[in-house]
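Summary of structural features
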Amino acid sequence: MIAQLTKNERQVALLILLALAVVGIAMAAGGRHDPFGAHGALVLLAAIVGSFAVISGYYAPEPPESRLDSYYDDPSKAGIILAMIWAVIAMFVGDWVAWLLVNPNLTFDAGWASFGRLRPVHTSGVIFGFGGNALIATSYYVMQRTSRARMPDQLTPWFVLLGYNLFCVIAATGYLMGVTQSKEYAEPEWYADIWLVIVWVAYFVLYLRTLARRKEPHIYVANWYYLAFILVVAMLHIVNNLAVPISWGSAKSYSLFSGVQDAMTEWWYGHNAVAFFLTSGFLGMLYYYMPKRAGRPIYSYRMSIISFWGITFFYMWAGSHHLHYTALPQWVQSLGMTFSVMLLIPSWVSAGNALMTLNGAWHKVRDDAVLRFMMVAAVFYGLTTFEGSFMAIRPVNSLSHYTDWTVGHVHAGALGWVAMITFGAIYASVPWLWKREAMYSARLVEAHFWLAVGGTVIYVFAMWNSGIIQGLMWRTYNESGTLAYSFVDSLVAMHPYYIARAVGGLFFLLGAVIGLYNIWMTIRTAPQAAPETAADRPVLAGGAVLQAGE
Amino acid sequence: MGKEERDPHTGYLTTGHEWNGIIELNTPVPRIIYFFLGAAFLFSLVYWVLMPTWPIGTTYTKGLLGSDQRAYVDNTIKQAALERADWTAQIEKESYADIQKNPALMNVVRETGRTLFGDNCAACHGRDAHGAKGFPNLTTQSWLWGGTPEAIAETIRVGINSAHPETRSSQMLAFGKDGMLPSADIDKVVAFVRSLSNPAAKDLPADKVAAGKMLFATNCASCHGEDAKGNPEVGAPNLTDPYWIYGGDAQSIETTVWGGRQGHMPTWESRLSTLDRKILALYLVDLRKPNP
């Protein structure tokens with residue numbers, strides 16, 4: 001890895017690590033009596049490990065000029081492995097908290113093992129650890145190939161990938177120590193947030209620099225989506241995390257916003273995280289890997305445009321549907337609801353465009369579990385966006401809100417759409433990246449597929465049932481005109497569904513473990529010495545030129 | 001690149017662009033999509049006209065229907081209170097004894113008391129009110145502070161060792177820890193106390209029990225009474241019945257005598273209405289088993 005960096009890049013890497021070490025020491029000293037100090041030690045440790053790596057490879061010969069003749073894929077390889085490791089860890093924690101809901105006594109009387117601390121480890125672990133790493137890894141892969149340009153340097157992709165994972169580790173360890181700013185999907189505290197801003201801006205600039213070097217006259221759809229993901233997430237993250245730390249030596253901070261403004265900012269962030277992290281980014285993935293794997297053209301370029309701008313425009317307004325029937329003024333709720341309804345159309349145009357792309361390749365869907373992962377993802381994308389728009393309608397929301405229906409909806413999206421498209425994309429990429437003929441075992445991919453589909457279906461049906469029962473129990477009155485059920489009664493009614501959900505989650509987790517094993521074994525098999533074709537290589541400067549008028 | 005070709009499968013032309021082997025068709029957007037986009041927009045437009053929606057300066061469009069979620073909630077709550085008024089007024093007004101004689105009202109108490117108990121009391125006392133270690137069983141005749149509905153309602157109102165200024169307060173002293181009784185004497189007292197509720201116990205030598213009885217009279221009887229049947233005035237439990245909050249085996253009783261006990265029950269005066277507390281007291285009396 002270090003051998004691939006130029007001398008100059010190695011020096012810059014050392015400077016960055018030195019700065020990181022200084023920050024780590026300052027944090028550790030300033031926060032001696034606080035988890036902040038523990039995180040300082042963690043940052044210092046990361047800087048020391050990184051420095052050792054750079055120094056040990058410092059005098060290796062510089063990479064040859066011929067490197068510019070190929071795409072830079074090592075960060076993608078690392079990103080995919082990291083994504084799969086995060087998937088296994090975070091899904092394990094997810095199933096753990098699912099069993100914790102079945103039996104709330106499983107906490108060993110320890111603070112770190114309480115539901116409130118473990119749950120964000122699961123959510124951040126799957127969204128940011130698994131999803132984020134997969135997005136970074138595939139975006140590197142896709143942007144280079146669809147631009148026919150190598151990334152502009154070797155250091156930035158590593159800085160983004162490793163810096164991002166440092167953020168994820170700080171987040172997850174913080175939760176276990178009780179560090180949180182109590183905003184869903186934005187739990188990490190101020191210092192972790194600042195670090196992520198630095199990493200994310202570097203990511204954005206890297207993407208733009210690669211696009212600027214492109215040798216294709218047009219920018220492919222996948223890049224619009226990846227770019228929207230990077231740009232909007234930066235904007236959401238910065239605004240929602242504006243906060244004032246109580247001191248420079250403490251992990252705790254207070255939000256710049258208060259009351260209902262804070263709630264609205266949080267759900268503007270939260271819903272657009274769903275939109276631009278969990279939808280846009282993964283649509284970028286779909287738009288590259290699905291046509292590539294199916295060997296079919298995208299069904300309609302025009303539908304791509306309509307859905308891209310429809311999704312981008314409508315989603316921005318939809319966040320307030322998370323605050324129906326709250327202190328939020330009703331007019332804001334009305335806006336959120338109507339834009340959520342309109343959002344369904346471009347969402348289904350996307351899903352339709354994906355499924356129509358498979359026309360002419362359905363025999364491949366039947367035979368190839370990798371492509372089937374992507375097909376099922378598109379179907380779940382359609383189902384989930386329909387359900388989401390439906391649940392955003394105020395009277396529906398009055399039944400579904402605060403119930404397990406929401407949890408089921410989220411998992412239909414997260415398991416059925418996000419994880420499925422990611423597994424599909426990873427299974428497609430691994431043989432391409434490591435230059436193998438195919439995955440180590442097609443049967444294990446098949447097993448993973450059925451475990452994933454089975455797990456998702458069990459999970460989602462359990463939560464639909466439990467959520468609707470819960471919602472109905474909470475609003476049932478007896479003849480005296482008082483509530484017929486106590487909250488505990490509804491919990492007792494949930495118990496069998498919680499067991500079913502935990503079993504469904506276990507299936508899904510097993511699938512991910514099989515996936516990690518299969519990928520590991522694929523990497524360990526001997527490389528296939530297939531000659532690279534011109535299509536696998538970037539166009540060198542002076543190769544093709546942009547055509548006039550494009 | 002730049003050459004538009006016809007896709008043999010769908011019959012549509014490509015856009016003529018190609019990225020890493022990916023091409024796109026220039027398929028026109030199906031009309032039905034424009035139709036649904038229009039329909040969704042029309043729905044929104046109608047909704048915007050009818051409901052409060054768009055901000056204008058410091059106010060917003062109120063909508064033709066004049067919908068206001070806060071007024072709606074206020075009205076619904078008033079309406080619901082009105083529908084319950086017939087029985088709420090009766091329960092508030094009538095004495096406990098009269099309510100207990102009224103089967104219709106007691107039906108309301110059972111229905112409503114169950115959910116009130118589930119939402120407010122079950123966390124400690126259990127859904128079935130059988131209690132747990134440290135939390136009394138509420139289905140027996142054995143009540144620390146008295147088992148009449150009036151006494152129960154008062155306990156709910158002020159709590160036990162709570163923050164309420166009129167709280168019921170009680171404390172079992174730490175006879176061992178605070179050096180009031182040597183271990184050997186505690187052993188004897190424990191033997192005597194066990195013999196009260198469990199006369200058939202075989203491991204209790206008569207001389208030890210007798211010695212314990214003497215110690216009990218001088219150290220414990222002031223609260224628990226000469227007959228050890230407790231005293232609801234000070235919240236001292238009856239030691240002759242089979243109900244134990246912290247356990248009735250030798251080990252548990254010894255722990256209690258050695259280290260003392262001071263239970264806690266929160267005050268509910270600011271959290272539950274007088275009506276709700278009255279319903280809960282009646283509910284618990286109704287729940288109580290008829291046996292001793």
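Residues numbered from 1 in each chain as written. Chains lettered and ligands numbered in written order. Predicted model: local features only at pLDDT ≥ 70, side-chain atom pairs only at ≥ 80, totals over all residues.

1. Brief notes about the overall build of chain B
Stated formally: Put simply, DSSP H or I for four residues or longer makes a helix, DSSP E for two residues or longer makes a strand, and each gets a number counted from the N terminus. Throughout, radius of gyration means the C-alpha value; the globule benchmark is 2.2 Å times the number of residues raised to the power 0.38. Exposure in this text rests on C-beta crowding, where 20 or more other C-beta atoms within 10 Å of a residue's own make it buried, 12 or fewer make it exposed, and counts in between make it partly exposed. The C-beta atoms are placed from the backbone. We call two residues in contact if the C-beta atoms placed from their backbones are at most 7 Å apart.
Within chain B, the secondary structure is distributed over eleven helices and four strands. By the compact-globule yardstick of 19 Å for 292 residues, chain B is too spread out, its C-alpha radius of gyration being 35 Å. Referenced to the eigenvectors of the C-alpha coordinate spread, the extents of chain B come out at roughly 110 × 60 × 40 Å. Buried positions account for 28% of the 292 residues belonging to chain B. Long-range contacts, defined here as pairs at least 24 residues apart, represent 53% of the contacts in chain B between residues at least 6 apart.

2. Describing the overall build of chain A
Tallying secondary structure elements over chain A gives 16 helices and two strands in all. For chain A, whose C-alpha radius of gyration is 24 Å, the value lies close to the compact-globule estimate of 24 Å for 550 residues. For chain A, the spread of C-alpha atoms along the principal axes amounts to about 85 × 65 × 45 Å.

3. Looking at the domain arrangement of chain B
All names here are of chain B. Operational definition: Where each domain begins and ends is defined by an automated method or by a domain database. Note that Gly is not counted as nonpolar here; it falls among the polar residues with everything else outside the nonpolar set of Ala, Val, Leu, Ile, Met, Phe, Trp, Tyr, Cys and Pro and the charged set of Asp, Glu, Lys and Arg.
With domains assigned, chain B is organised as domain 1 (14-60), domain 2 (71-166 + 266-287) and domain 3 (183-259). Look at where the C-alpha atoms of domain 2 and domain 3 centre, and you get two points 33 Å apart. Each side of the interface is counted separately: domain 2 has eleven residues, and domain 3 has nine residues. In the side of domain 2 that touches domain 3, the residues fall into five nonpolar, five polar and one charged.

4. Digging into the nonpolar core
What counts here: What we call a nonpolar core is a set of buried Ala, Val, Leu, Ile, Met, Phe, Trp, Tyr and Cys residues whose membership is set by joining through C-beta atoms within 7 Å.
Counting residues in each nonpolar core, the largest one holds 174 residues, and the members touching the most others are A:F229, A:L286, A:F373, A:M374, A:A377, A:M420 and A:I421. It is helix 8 (residues 259-294) of chain A that provides the largest number of residues to this core, a total of 20 residues. For A:F229, the residues in contact, after removing those within four places along its chain, are A:L135, A:F276, A:F277, A:S280, A:G281 and A:G284. B:W87, B:I91, B:L116 and B:Y283 belong to the second largest nonpolar core, which has 20 residues in total.

5. Considering unusual backbone geometry
Of note, A:Y402 is a non-glycine position whose phi angle comes to about 70°, a positive value. Its place among the elements puts A:Y402 in the loop between helix 13 (394-400) and helix 14 (404-433). Positive phi, normally seen in glycine, also occurs at B:A129, with a value near 65°. Position of B:A129 relative to the elements: it lies in the loop between helix 5 (122-125) and helix 6 (149-158). On the basis of neighbour counts, which here come to 21 C-beta atoms within 10 Å, the residue B:A129 falls in the buried class.

6. Focus: the interface of chain A and chain B
The interface is formed by 42 residues belonging to chain A together with 47 residues belonging to chain B. Mapped by element, the contributors of at least two residues to the side of chain A that touches chain B are helix 4 (115-147), helix 8, helix 9 (301-318), helix 10 (330-357) and helix 16 (487-524) of chain A. The leading source of residues in the side of chain A that touches chain B is helix 10 of chain A, at ten residues. For the side of chain A that touches chain B, the class distribution of residues is 23 nonpolar, 14 polar and five charged.

7. Concerning the packing of helix 14 of chain A against helix 16 of chain A
Residues and elements named next belong to chain A. Test applied: Here an axis means a line fitted to C-alpha atoms, over the contact stretch when the element is a helix, while the angle between two N-to-C directions is reported on a 0 to 180 degree scale. Note on terminology: angles under 35 degrees are roughly parallel, angles over 145 are roughly antiparallel, angles of 65 to 115 are roughly perpendicular, and the others are oblique.
For the pair helix 14 and helix 16, interaxial distance at closest approach is 12 Å and the crossing angle is 10°. With respect to helix 16, the axis of helix 14 lies roughly parallel. Residues D404, L415, F423, V430 and P431 of helix 14 pack against M494, F508, G515, I519 and T522 of helix 16. Class assignment of the residues belonging to the contact of helix 14 with helix 16 gives a composition of seven nonpolar, two polar and one charged.

8. Things to note about helix 4 (residues 103-120) of chain B
All names here are of chain B. Note the threshold: A helix is expected to reach a length of 1.5 Å times the quantity of its residues less one. In this analysis the local bend is the angle between axes fitted, respectively, to the seven residues ending at and the seven residues starting at the residue.
Between the first and last C-alpha of helix 4 there are 25 Å, a value that for 18 residues agrees with the 26 Å anticipated at 1.5 Å per step. At G113, helix 4 shows its strongest bend, of approximately 25°. Along helix 4, the positions that sit buried rather than exposed are V108, V109, E111, T112, G113, R114, T115, L116, F117 and G118.

9. Looking at the pairing of strand 1 (residues 14-19) of chain B
Residue and element names in this part refer to chain B. This is how the line gets drawn: At least two DSSP bridges between two strands are required for those strands to pair.
As judged from the three bridges shared by strand 1 and strand 2 (residues 22-25), these two strands associate in the antiparallel manner. Among the inter-strand pairings, W19 is bridged to a residue of strand 2, identified as I22. Count of turn residues in the strand 1/strand 2 antiparallel hairpin: two residues, of which N20 carries a positive phi of about 50°.

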